[in-house]
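Analysis of the macromolecular model
These are the residues of each chain, in order.
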Amino acid sequence: QSLLVQSHSSREAKSAVNGDGFGLGWYNERPEPGVFRDVRPAWSDENLLSLARQLKSHMFFAHIRASTGTATMRANCHPFALGSWMFMHNGGIGGWDDVRRPIEACIPDALYRHRSGTTDSEVIFLLLIANGLEQDPRGAFARTLGFIDGVMQRAGVAEPLRVTAAASDGRAVYALRYSTRITPETLYVRTLKRRDGLLVVSEPLDDGRDDWEAIPPQSLVTFSPDRIDIAPFETAAAR
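Fair warning: this is a prediction, and the values are worked out from it, not measured in the lab. (Residues numbered from 1 in each chain as written. Predicted model: local features only at pLDDT ≥ 70, side-chain atom pairs only at ≥ 80, totals over all residues. Heavy atoms only, no water.)

**Considering the overall build of the protein**
Helix and strand counts for the protein come out as 6 helices and 12 strands. For the protein, whose C-alpha radius of gyration is 17 Å, the value lies close to the compact-globule estimate of 18 Å for 239 residues. Each principal axis of the C-alpha atoms in the protein carries an extent, and together these give about 50 × 35 × 35 Å. Expressed as a percentage of the 239 residues in the protein, the buried residues total 49%. Here the contacts in the protein between residues at least 6 apart in sequence split such that 59% fall between residues at least 24 apart. Both charge centroids of the protein, one from 27 positive and one from 29 negative side chains, sit 2 Å from each other. (Helix = DSSP H or I, 4+ residues; strand = E, 2+ residues; numbered from the N terminus. Rg over C-alpha atoms; globule rule 2.2 N^0.38 Å. Buried < 20%, exposed > 50% of the residue type's maximum accessible area, 1.4 Å probe, protein only. Contact = heavy atoms within 4.5 Å. Lys, Arg positive; Asp, Glu negative; His and termini not counted. Charge placed at Lys NZ, Arg CZ, Asp CG, Glu CD.)

In structure tokens, the structure reads:
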């Protein structure tokens, strides 16, 4: 049940087919990540197969995309990267067309120039950075999602805010499973046996194993070289 298989036969995603592009991000000798993204389905891209065979890194991000309404183009594919940070997201901001303008308006000018696509996911990433992702990842998630939820409530949006996401600066990974009103998209972790490593996935990659841990809804997971922390998550009050 690799990502290539999940791109056309996902078991736990909202959509079984995720053919609206894909992305691969990795860290190597530079603090900034390398990123390769394309609009072709992951199952049919020979460049992805070649990269997967050759690239080596201490940390990879990989994402397959099913559009929630925005255009299928490279700038809308995950992961997104800015400076040393990468971000990818499953879910969506409910009523996006109704709340897009007031939410985007709160991205500072210095960050808005990095807005190259049209997705709500990229907006969440830029707001996370604006809200202190580098200094306080947990607080940045709480402030950003609290703000977005407040805008949605004031606009009378009935659809939920769904954020199963991961962010990293190349040293630690912060993975969130959160939503309002409904169960969020899934998230699992597994520590590798016989060698150092950790997998954080949207659904288990194999059958017949009992060592996958499902992350509870409304949880933030912090992975660093020396610890794994799973803690309850609440948004900050919207201002």
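Having seen it, we continue.
**Points about helix α6 (residues 137-154)**
Helix length check: α6 (18 residues) gives 26 Å between terminal C-alpha atoms against 26 Å at 1.5 Å per residue, within 8%. Burial of α6 is extensive: 14 of the 18 residues sit out of reach of the surface. At the C-terminal side of α6, Gly156 shows a positive phi close to 70°. (Expected span 1.5 Å × (residues − 1).)

**Points about the sheet that holds strand β2 (residues 34-38)**
In space, the 3 strands of this open sheet follow the order β2-β1-β3, with antiparallel pairing throughout. At either end of the open sheet lies a strand with only one pairing partner, and these are β2 and β3 (60-64). Across the sheet, the mean angle from the axis of one strand to that of its neighbour is 5°, orientation sign disregarded. In this structure, strand β1 (residues 22-26) lies alongside β3, joined through 5 bridges in antiparallel fashion. Residue pairing in the sheet places Phe22 in a bridge with Ile64 of β3. (Pairing = 2+ DSSP bridges. Axes fitted to C-alpha atoms, helices over the stretch in contact; angles between N-to-C directions.)

**Topic: the environment of Gly19**
With respect to the helices and strands, Gly19 occurs in the loop between α1 (3-9) and β1. Residues Gly19 and Pro41 lie 22 residues apart in sequence; the distance between their C-alpha atoms is 4.4 Å. For Gly19, the contacting residues outside a window of four places in its chain are Ser7, Val39, Pro41, Trp43 and Arg65.

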